[in-house]
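# Structural description and commentary
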Amino acid sequence: MWGVAEEPRPLAVQIWDNDPETLAKVGARLAHQYRVSVVDINFGCPVRQVTEKAHSGSYLLKQPDRMGQIIEQVVAACAPTPVTAKIRLGCTRDSINAIDIAQVVEGAGAAALTVHGRTASEMFRGSADWDQIAAIKPHLQKIPLIGNGDLDSAEKVAEAFRRYDVDGVMIARAALGKPWLFAQAAAAVRGEAVPADPTLDEQRELLLHHFDLVCKRFGSKKASVLMRKYACCYAQGRRGAREFRKRVAKIETPEVFYAVVEEFFPREADEAGVRN
Ligand SMILES: Cc1cc2nc3c(=O)[nH]c(=O)nc-3n(C[C@H](O)[C@H](O)[C@H](O)COP(=O)(O)O)c2cc1C
């Protein structure tokens, strides 16, 4: 539960298991002790440890009744905190059952449904099927439908709202490398001019601020290791990203972290100096 108490609100926390009572207990703690804004239940994870080993996540898409029991018990335990569910389209392409599942989710009292437009067996292959996501909408009476999958630009977010009947969208992977995407997407959806990407200087400052926050929580040594993954996200799509990833993967101290960042996110004044 680290960070849950201090994290600014609104804050949704996601939980997974296959036992309604366990989930209700954890949900109640999140809702009443930690006072989170939303408790989300994960019925979408396709990873073996979660599905085959723990019969949870997307494994439960095969068991709509159990999903219903889980949601009902978590909703009752968390009230009045809203409980939401995240699903995939189904387990496999041949067994897409998102419409049935959506009705179970709504009937059990969930406050919203998020759908990742892939099946569990597709993992992250191919592209998200937004037609299948939108096909769910007419079958929901009252809860919002949130579409998810492959939104990595403001234009794609605006396009998703234009083309598909969804009430909201969720951005996942792109948020790690481009946290400013939310402001850009919000502007695009409102029909306003999309703010430019931050300059390299601003991106470096953001990355260093991120590192600083992780240091405060975990201490600088552990933070240097934890930041490997996030630092790589910031470099995504940039020239030299592969070399950056290689170097970042070996970082063990803050000194090396700072040195690598300064090298790959050079200060604009320095770059101008080099050009001159
Ligand atoms: C490394 C990784 C971890 C993820 N962990 C979760 C998770 O814990 N819960 C969840 O609901 N989705 C999880 N997802 C799935 C994303 O939330 C999202 O549904 C999926 O990546 C598609 O959206 P995107 O194209 O915007 O990334 C994870 C995805 C990745 C790549």
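Because the structure is a prediction, the values reported are computed rather than measured.

## Topic: the overall build of the protein
Of regular secondary structure, the protein possesses 12 helices and 6 strands. Evaluated residue by residue, the protein yields a buried proportion of 45% over its 276 residues. Nonlocal contacts in the protein, meaning residues at least 24 apart in sequence, comprise 65% of its contacts between residues at least 6 apart. Carbon and sulfur atoms make up 53% of the accessible area of the protein, which amounts to about 14,700 Å² in all.

## Re the environment of Val260
Within the element layout of this structure, Val260 appears in helix H11 (residues 254-264). According to the relative accessible area criterion, Val260 is buried, its value standing at 2%. The contact partners of Val260, leaving out residues within four places of it in the chain, are Phe244, Arg247, Val248 and Ile251.

## Re the site of the ligand
Around the ligand sit Gln14, Asn42, Lys86, His116, Phe124, Asn148, Gly149, Asp150, Ala172 and Arg173, and those are all the residues in its vicinity. Take Asp150: an N or O atom from its main chain is 2.6 Å from an oxygen atom of the ligand. Between the ligand and Ala172, the relevant distance is 3.0 Å, taken from an oxygen atom to a main-chain nitrogen or oxygen of the residue. Burial of the ligand by the surrounding chains reaches 63%, relative to a free accessible area of 610 Å².

## Details of the sheet that holds strand S5 (residues 145-148)
By definition, the strands of a sheet pair up through backbone hydrogen bonds, in either a parallel or an antiparallel sense. As summarised here, the arrangement of the 6 strands in space is S1-S2-S3-S4-S5-S6, forming an open sheet in which the pairing is parallel. Each edge of the open sheet is held by one strand with a lone partner, namely strand S1 (12-15) and strand S6 (168-170). Mean inter-strand twist for the sheet, computed between neighbouring axes without regard to direction, equals 25 degrees. Direction of pairing for strand S2 (residues 38-43) relative to strand S3 (residues 83-88): parallel, over a ladder of 5 bridges. Looking at S3, one finds that Val39 is bridged to Val83. Taken strand by strand, helix H1 (residues 20-33) contacts S1 and S2, and its axis lies near 165 degrees from that of S1.

## Considerations on the packing of aromatic side chains
Applying the stated criterion to the full structure yields 6 aromatic pairs. Ring geometry for Trp130 against Tyr164: centres 5.7 Å apart, planes inclined by 35 degrees, an arrangement best described as tilted. One end of the pair, Trp130, is in helix H4 (residues 130-134); the other, Tyr164, is in the loop between helix H5 (154-163) and S6, with 34 residues separating them in the sequence. Using a relative accessible area of 14% as the deciding quantity, one classes Tyr164 as buried. Summarising the aromatic geometry, the rings of Phe211 and Tyr258 are spaced 5.5 Å apart at their centres and angled 85 degrees between planes, so their arrangement reads as edge-to-face. Placement of Phe211 in helix H8 (residues 200-218) and of Tyr258 in helix H11 is noted, with a sequence separation of 47 residues between them. Accessibility expressed as a relative area gives 0% for Phe211, which makes it buried.

## Some thoughts on helix H7 (residues 181-190)
For H7, the full list of buried residues reads Leu181, Gln184, Ala185, Ala187 and Ala188. Mapping the buried residues of H7 onto a view down its axis gives an arc of 160 degrees, with all of them on the same face. Those residues of H7 hidden inside the fold are in contact with H5 and helix H6 (173-177). Downstream of H7 by a residue or two, Gly191 has a phi angle that is positive, lying close to 80 degrees.

## Re the side chain of Thr81
Note that Thr81 resides in the loop between helix H2 (64-78) and S3. Under the relative-accessibility criterion, Thr81 is labelled buried at 13%. Those residues in contact with Thr81, other than ones at most four positions away along the chain, are Ala31, Val36, Ser37, Val38 and Val39.

## Re the packing of helix H9 (residues 220-235) against helix H10 (residues 241-248)
Any two packed helices are characterised by the angle at which their axes cross and by the distance between the axes. It is at 9 Å that the axes of H9 and H10 come closest, and there the two elements cross at 170 degrees. By the angle class used here, H9 and H10 are roughly antiparallel. Only Ala241, Phe244, Arg245 and Val248 of H10 make contact with H9, whose side of the interface consists of Arg228, Ala231, Cys232 and Ala235. Of the residues assigned to the contact of H9 with H10, the class counts are 6 nonpolar, no polar and 2 charged.

## With respect to the pattern of salt bridges
In the structure shown here, the tally under the stated rule is 17 salt bridges. Taking the shortest distance from any N to any O, the salt bridge between Glu122 and Arg93 comes out at 2.9 Å. With a gap of 29 residues between them, Glu122 in the loop between strand S4 (112-116) and H4 and Arg93 in the loop between S3 and helix H3 (98-107) connect regions that are remote in the sequence. Accessibility expressed as a relative area gives 18% for Glu122, which makes it buried. Assessed through its relative accessible area of 39%, Arg93 is described here as partly exposed. One connected set of salt bridges, linked through shared partners, spans Asp201, Arg204, Glu205, Glu262 and Arg267.

Cut-offs and rules
Residues numbered from 1 in each chain as written. Predicted model: local features only at pLDDT ≥ 70, side-chain atom pairs only at ≥ 80, totals over all residues. Heavy atoms only, no water. Helix = DSSP H or I, 4+ residues; strand = E, 2+ residues; numbered from the N terminus. Buried < 20%, exposed > 50% of the residue type's maximum accessible area, 1.4 Å probe, protein only. Contact = heavy atoms within 4.5 Å. Areas by Shrake-Rupley, 256 points an atom, 1.4 Å probe, with all protein chains shown as cover. Near = heavy atom within 4 Å. Polar contact = N/O pair within 3.5 Å; in protein donor to acceptor, adjacent residues only side chain to side chain. Pairing = 2+ DSSP bridges. Axes fitted to C-alpha atoms, helices over the stretch in contact; angles between N-to-C directions. Phe/Tyr/Trp six-rings, centres within 6.5 Å; stacked < 30°, edge-to-face > 60°. Arc of directions from axis to C-beta. Parallel < 35°, antiparallel > 145°, perpendicular 65-115°, else oblique. Nonpolar A, V, L, I, M, F, W, Y, C, P; charged D, E, K, R; others polar. Salt bridge = Lys/Arg side-chain N within 4 Å of Asp/Glu carboxyl O.

Scope: geometric values only; no functional claims are made or implied.
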